[in-house]
Amino acid sequence: DTGVSQNPRHKITKRGQNVTFRCDPISEHNRLYWYRQTLGQGPEFLTYFQNEAQLEKSRLLSDRFSAERPKGSFSTLEIQRTEQGDSAMYLCASTFVDGEKLFFGSGTQLSVL
Amino acid sequence: RKEVEQDPGPFNVPEGATVAFNCTYSNSASQSFFWYRQDCRKEPKLLMSVYSSGNEDGRFTAQLNRASQYISLLIRDSKLSDSATYLCVVNAGGTSYGKLTFGQGTILTVHP
């Protein structure tokens, strides 16, 4: 399977716990994006990377959220001290530099109890 | 004001109908524009890019009006399989080039 892979598919956690999600993009893609989507809304931009550099981070994003892409390949998104409002689908997407067709993974569904 | 705004619908149309969706964007420096389709509980997928000259792909026609900062998608001869959420997407320009912002999505249901 050469598509975008996200793990885990589902995560249930208790409020206050930390969670980490992983995204493996399509191997040739330089750009990697993280989005968050709640029911009835479109994907909300969180951050994106070009290779290992984080180019932009949403100003709406709490400092409890951090993302890394240390070797320019896979990426992780960590949420510290989770809150119930963090419950959402977290989507990862990748594309080439100057490519604008995003290839999405199947997402990680987070439920914070 | 949201960066990308869409009428959320839902639009309920019979098979064979023509339906149009609209989208507006706030950043006049935005560089490029797209429509994505998202099926229920699935990830979004690119439907088509949108050009100033307008572009057509089978039953789908996309238009861009830069002066009005307005994007449209027209679906002719609707099929049951067109039922989905349609997402308007804008690539910001300038220093934010590469940041792809999605609208809320417009829900379409095509019924027999």
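See the structure above.
Since the structure is predicted, the reported quantities are computational estimates derived from the model, not experimental observations.

Criteria and cut-off values
- Residues numbered from 1 in each chain as written.
- Chains lettered and ligands numbered in written order.
- Predicted model: local features only at pLDDT ≥ 70, side-chain atom pairs only at ≥ 80, totals over all residues.
- Heavy atoms only, no water.
- Contact = heavy atoms within 4.5 Å.
- Salt bridge = Lys/Arg side-chain N within 4 Å of Asp/Glu carboxyl O.
- Polar contact = N/O pair within 3.5 Å; in protein donor to acceptor, adjacent residues only side chain to side chain.
- Core = buried A, V, L, I, M, F, W, Y, C linked by side-chain atoms within 4.5 Å.
- Buried < 20%, exposed > 50% of the residue type's maximum accessible area, 1.4 Å probe, protein only.
- Helix = DSSP H or I, 4+ residues; strand = E, 2+ residues; numbered from the N terminus.

### Here's the deal with the interface of chain B and chain A
Many authors give the size of an interface as the accessible area that is lost as the parts come together.
Right, on to step 1. The interface is formed by 19 residues belonging to chain B together with 19 residues belonging to chain A.
Right, on to step 2. Joining chain B to chain A, the criterion identifies one salt bridge.
Right, on to step 3. Of the charged contacts, one joins lysine 99 of chain B and glutamate 56 of chain A as a salt bridge, the two residues approaching to 3.8 Å between their closest N and O atoms.
Right, on to step 4. Here chain B and chain A share four residue pairs in polar contact (both at pLDDT 80 or more) between them.

### Some remarks on the nonpolar core
Right, on to step 1. Ranked by internal contacts, the top residues of the largest apolar core, which has 23 residues, are Phe21, Trp35, Ile71, Leu73, Ile75, Tyr86 and Leu108 of chain B.
Right, on to step 2. Broken down by secondary-structure element, the contributors of at least two residues to this core are β3 (19-25), β4 (32-38), β5 (45-50), β7 (60-65), β8 (70-75), β9 (84-91) and β11 (106-111) of chain B.
Right, on to step 3. In this structure, Ile26, Leu46, Ala67 and Val112 of chain A belong to the second largest nonpolar core, which totals 19 residues.

### Description of the pattern of salt bridges
Right, on to step 1. Across all of its chains, the model carries 10 salt bridges over all chains by this definition.
Right, on to step 2. Here glutamate 83 of chain A and arginine 64 of chain A are joined by a salt bridge, their closest N and O atoms 3.5 Å apart. Of this pair, glutamate 83 of chain A sits in the loop between β8 (75-79) and β9 (88-95) while arginine 64 of chain A sits in the loop between β6 (53-57) and β7 (65-68), and the two are 19 residues apart along the sequence.
Right, on to step 3. On the accessibility criterion, arginine 64 of chain A (8% relative accessible area) is buried.
Right, on to step 4. For the salt bridge of arginine 76 of chain B with glutamate 56 of chain B, the shortest nitrogen-to-oxygen distance reads 3.5 Å. Of this pair, arginine 76 of chain B sits in the loop between β8 and β9 while glutamate 56 of chain B is found in strand β6 (residues 55-57), placing the two residues 20 residues apart along the sequence.
Right, on to step 5. Look at arginine 76 of chain B and you get partly exposed, because its relative accessible area is 27%.

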